[in-house]
Amino acid sequence: MTITDGKTVAISYTLTLDNGEVVDTNVDQEPLTYVQGDEQLIFGLEQALVGKKAGDTLQVSVTPEEGYGPISEDALIDIPLEQLPEDGRQPGAVITAVGPEGQELEGMVTTIHAERATIDFNHPLAGQVLHFDVTILSVE
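Residues numbered from 1 in each chain as written. Predicted model: local features only at pLDDT ≥ 70, side-chain atom pairs only at ≥ 80, totals over all residues. Heavy atoms only, no water.

Engineer: How should I be thinking about the overall build of the protein in this particular structure?
Structural biologist: Secondary structure assignment for the protein yields one helix and nine strands. Starting at the N terminus and walking to the C terminus, you meet the elements of the protein as β-β-β-α-β-β-β-β-β-β. For the protein, whose C-alpha radius of gyration is 19 Å, the value lies well above the compact-globule estimate of 14 Å for 140 residues. Structurally, the protein occupies a C-alpha span of about 60 × 35 × 25 Å along its principal axes. Buried residues in the protein amount to 32% of all 140 residues. (Helix = DSSP H or I, 4+ residues; strand = E, 2+ residues; numbered from the N terminus. Rg over C-alpha atoms; globule rule 2.2 N^0.38 Å. Buried < 20%, exposed > 50% of the residue type's maximum accessible area, 1.4 Å probe, protein only.)

Engineer: I keep staring at the pairing of strand β1 (residues 8–16) and nothing clicks. Help me out?
Structural biologist: Within a regular strand, side chains alternate between the sheet's two faces. Taking burial as the measure, the nine residues of β1 include eight buried ones, the bulk of the element. Note that β1 and strand β3 (residues 32–35) share four bridges and pair antiparallel. Within β3, the residue paired with Thr8 across the bridge is Val35. Pairing analysis gives eight bridges linking β1 to strand β9 (residues 130–139), with the strands arranged antiparallel. From the neighbouring strand, Ala10 faces β9, where its bridge partner is Ser138. Between the end of β1 and the start of strand β2 (residues 22–25), which pair antiparallel, lie five residues, with Gly20 showing a positive phi angle near 90 degrees. (Pairing = 2+ DSSP bridges.)

Engineer: Could you clarify how one ought to interpret the pairing of strand β4 (residues 57–62) in this entry?
Structural biologist: Side chains Leu58, Val60 and Val62 of β4 all project onto a buried face; the interleaved residues Thr57, Gln59 and Ser61 project onto a face where none is buried. The pairing of β4 with β9 spans six bridges and is classified as antiparallel. Across the sheet, Gln59 pairs through a bridge with Asp133, a residue of β9.

Engineer: So what exactly am I meant to see when it comes to the pattern of salt bridges here?
Structural biologist: Any two side chains of opposite charge can pair, on the condition that their charged atoms come close. Scanning the entire structure with this criterion turns up three salt bridges. The salt bridge involving Asp78 is made with Arg116; its shortest N-O contact spans 2.9 Å. Taken together, the residues Asp78 in strand β5 (residues 76–80) and Arg116 in strand β8 (residues 116–120) connect sequence positions 38 residues apart. On the basis of relative accessible area, Asp78 is assigned to the partly exposed category, the value being 40%. Residue classification places Arg116 among the partly exposed positions, given a relative accessible area of 33%. (Salt bridge = Lys/Arg side-chain N within 4 Å of Asp/Glu carboxyl O.)

Engineer: Is there a simple way to explain the environment of Asp120 in this structure?
Structural biologist: Topologically, Asp120 is positioned in strand β8. Taking the C-alpha atoms as reference points, Asp120 and Gln47, 73 residues apart in sequence, are found 29 Å from one another. Setting aside its immediate chain neighbours within four residues, Asp120 contacts Ala75, Leu76, Glu106, Gly107, Met108 and Thr110. Within the structure, Asp120 has its side chain in polar contact with the backbone nitrogen of Asn122 (distance 2.8 Å). (Contact = heavy atoms within 4.5 Å. Polar contact = N/O pair within 3.5 Å; in protein donor to acceptor, adjacent residues only side chain to side chain.)

Engineer: What is the right way to read the side chain of Ser12 from this model?
Structural biologist: Note that Ser12 resides in strand β1. When sequence neighbours within four positions are dropped, the list of residues in contact with Ser12 reads Asn26, Val27, Asp133, Val134, Thr135 and Leu137.

Okay, structure coming up:
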């Protein structure tokens, strides 16, 4: 049985970046189970799995455009320092904010100036080429 829309698929994977850093893996853990076509995976990975079957192994490189997107300058927000909580006034601090549609957004403080701070609301993997080593465990 091959992977097509509506099939439930279980995979084992390791995700690395261009520099070889392992970002995530579920090898020797619970498999990642998803329904093909339900957009539960990033687009580039889901598309690469179409037509594959249980037992297949593959290496997939996903561009930023088909992954978490390119880095957006619009997601770099400069705010007055006094709007940050005390524990958020350092580079690397993670800040939670409410977006324009009421959604919860996480950003990372990248720069602190005398009276202002820059917060990056891009996904942490935005702008990165993502390299997946995938084993398809089951297709139902």
